[in-house]
Amino acid sequence: MSNDSSDERLPDWVTWRPRPFPDANLLLLPGRRPALVDSGFTGHAAETAAWAHAHAGRIALVVNTHWHSDHVGGNALLRARGAGIAASTPDADAVARRDPGCCGAEYLDQPVAPYTVDEPLHDGQVLRLGDADWQVVSTPGHTPGHLSLWQPEERLLAVGDALSDYDVGWVNLALDGPGAAATALASLHRLAALGSRVLLPAHGPVPADPAAAFATALRRARRLVDDPAGAVWYGARRIFAFALMIRGGVAAAEAEPYLHARAWLTDSARLLGRTPEALAAELVDSMLRSGAVVLRDGRLYASAEHRPVTAESLRVPFPRAWPSA
Ligand SMILES: [Zn+2]
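Because the structure is predicted, anything quoted here is derived from the model rather than measured.

**Let's talk about the overall build of the protein**
- On a plain count of helices and strands, the protein comes out with 12 helices and 14 strands.
- Over its C-alpha atoms the protein spans a radius of gyration of 19 Å, differing by no more than 12% from the 20 Å that the globule rule assigns to 325 residues.
- Reported as C-alpha extents along the three principal axes, the dimensions of the protein are approximately 55 × 40 × 40 Å.
- Counting across all 325 residues of the protein, residues that qualify as buried make up 56%.
- Long-range pairs, those at least 24 residues apart, make up 66% of the contacts in the protein between residues at least 6 apart in sequence.

Quick look at the structure:
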């Protein structure tokens, strides 16, 4: 049994390593075409690559479920060591032209080391990963280019951020339009219909019962459709918590000025009919009250489990300044 978590539901040709934020879980498929699904946060790229090489040798292909910073941060380093990068066609096209919106890096203030996509993927495409064939399932919603991977013989389903055991991916109604929540819900229905035996989410544990995880996720996704303001709040809380995690907290006095300068906060305020100042204050206050944010020695920290990254590792250019592909 080669998976780190010794999960007996996984075949021995799957190596699985759960990781806390700011990294996505690692799904490694050793074999003739060693492949890694998602590559973690930029600040942990060296550790991600070392782990992948130790368990699979050379990595031939990295497949990104989507382009958020906690999923693509190891791309640059693994590519420099010979891996190809595969991503959905919309993500690949935007990365190729260095679109300033790539990865939501600047919009979300989440740095990503510059990378290039070698293999654009489309819905229904069959990919050899390790020694098995996986099918690309287009699952837009959390991001427009989000994809999942389906292994029909073992009925394994890698779902990225579409859902987890306890959660459903947040949606960006400002950037992706008012239909983004309904798009995410439709993608979840499509995934649920596959009849997976084992769900591999990018965050949190492997759900004990895939059907129960889908039932919860579908309820949550339906709520995001029915309550757009709730969906905006949900996204804002997740984005701010992530910002606190990768910065090792923020001085309490700097939190609101930091938020006022963020495009995502300004967009969220507009959708909620508030000023950015009012939303920033309410966001900090409500997260302190819920316990999602804690105040310690004059600094605000995210309370969810996470691992530190160095400030140095955050100093990478935003996509508009990436060297051309
Ligand atoms: Zn994401």
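**What about the coordination of the zinc ion?**
- Protein coordination of the zinc ion is provided by H66 (NE2), H68 (ND1), H142 (NE2) and D161 (OD), with donor distances spanning 2.1 to 2.2 Å.
- Taken together, the four donor atoms surrounding the zinc ion define angles of 87 to 173 degrees at the centre, an arrangement classified as irregular.
- If you list the donors of the zinc ion from N- to C-terminus, the spacing comes out as H-x1-H-x73-H-x18-D.
- H68 sits in the buried class, given a relative accessible area of 7%.

**Section: the packing of helix α11 (residues 263-272) against helix α12 (residues 276-290)**
- Orientation of α11 relative to α12, taken along the N-to-C sense of each, is 100 degrees, at an axis distance of 9 Å. Relative to α12, α11 is oriented roughly perpendicular. Along the contact surface, α11 presents W264, L265, T266, S268, A269 and L272, while α12 presents P276, L279, A280 and L283.
- Among the residues making up the contact of α11 with α12, the classes are represented as eight nonpolar, two polar and no charged.

**A look at the environment of R237**
- Within the element layout of this structure, R237 appears in helix α9 (residues 228-246).
- For R237, a relative accessible area of 33% puts it in the partly exposed group.
- Taking the C-alpha atoms as reference points, R237 and A60, separated by 177 residues in sequence, lie 36 Å from one another.

**Brief notes about the environment of F318**
- Turning to its location among the elements, F318 is positioned in the segment after β14 (299-302).
- Judged by its relative accessible area of 25%, F318 falls in the partly exposed class.
- The contact partners of F318, leaving out residues within four places of it in the chain, are A105, E106 and D109.

**Some points on the domain arrangement of the protein**
- Here the domain parsing of the protein yields domain 1 (15-226) and domain 2 (228-317).
- Centre-to-centre separation of domain 1 and domain 2, based on C-alpha positions: 24 Å.
- Facing the 30 residues of domain 1 at the interface are 27 residues of domain 2.
- Summing both sides of the interface, domain 1 and domain 2 together bury roughly 2,500 Å²; the carbon and sulfur share of this comes to 66%.
- Area buried by domain 1 at its contact with domain 2 is led by F21, Y107 and W170, which between them contribute 24% of it.
- Counting every contact that joins domain 1 to domain 2 gives five salt bridges.

**Considerations on empty space enclosed by the protein**
- Counted by the stated rule, this structure contains four cavities of 30 Å³ or more.
- Estimated volume of the largest cavity: approximately 100 Å³.
- In terms of lining, the largest cavity is formed by 15 residues, of which the most central are V171, N172, V232, I239 and S268.
- Take the lining of the largest cavity: its biggest share by element is five residues, from α9.

The rules behind the values
- Residues numbered from 1 in each chain as written.
- Predicted model: local features only at pLDDT ≥ 70, side-chain atom pairs only at ≥ 80, totals over all residues.
- Heavy atoms only, no water.
- Helix = DSSP H or I, 4+ residues; strand = E, 2+ residues; numbered from the N terminus.
- Rg over C-alpha atoms; globule rule 2.2 N^0.38 Å.
- Buried < 20%, exposed > 50% of the residue type's maximum accessible area, 1.4 Å probe, protein only.
- Contact = heavy atoms within 4.5 Å.
- Donors = N, O, S within 2.8 Å, 3.2 Å for Na, K, Ca; no water.
- Tetrahedral: all angles 85-135°; square planar, octahedral: opposite > 155°, others 65-115°.
- Axes fitted to C-alpha atoms, helices over the stretch in contact; angles between N-to-C directions.
- Parallel < 35°, antiparallel > 145°, perpendicular 65-115°, else oblique.
- Nonpolar A, V, L, I, M, F, W, Y, C, P; charged D, E, K, R; others polar.
- Domains from an automatic or database assignment.
- Buried area = accessible area lost by both parts, 1.4 Å probe.
- Salt bridge = Lys/Arg side-chain N within 4 Å of Asp/Glu carboxyl O.
- 1 Å grid on protein atoms, 1.4 Å probe; cavity = no way out; pocket = protein on both sides within 12 Å on 5 of 7 lines; lining within 4 Å.
- Points joined across faces, edges and corners; volume = space filled by probe spheres on them.

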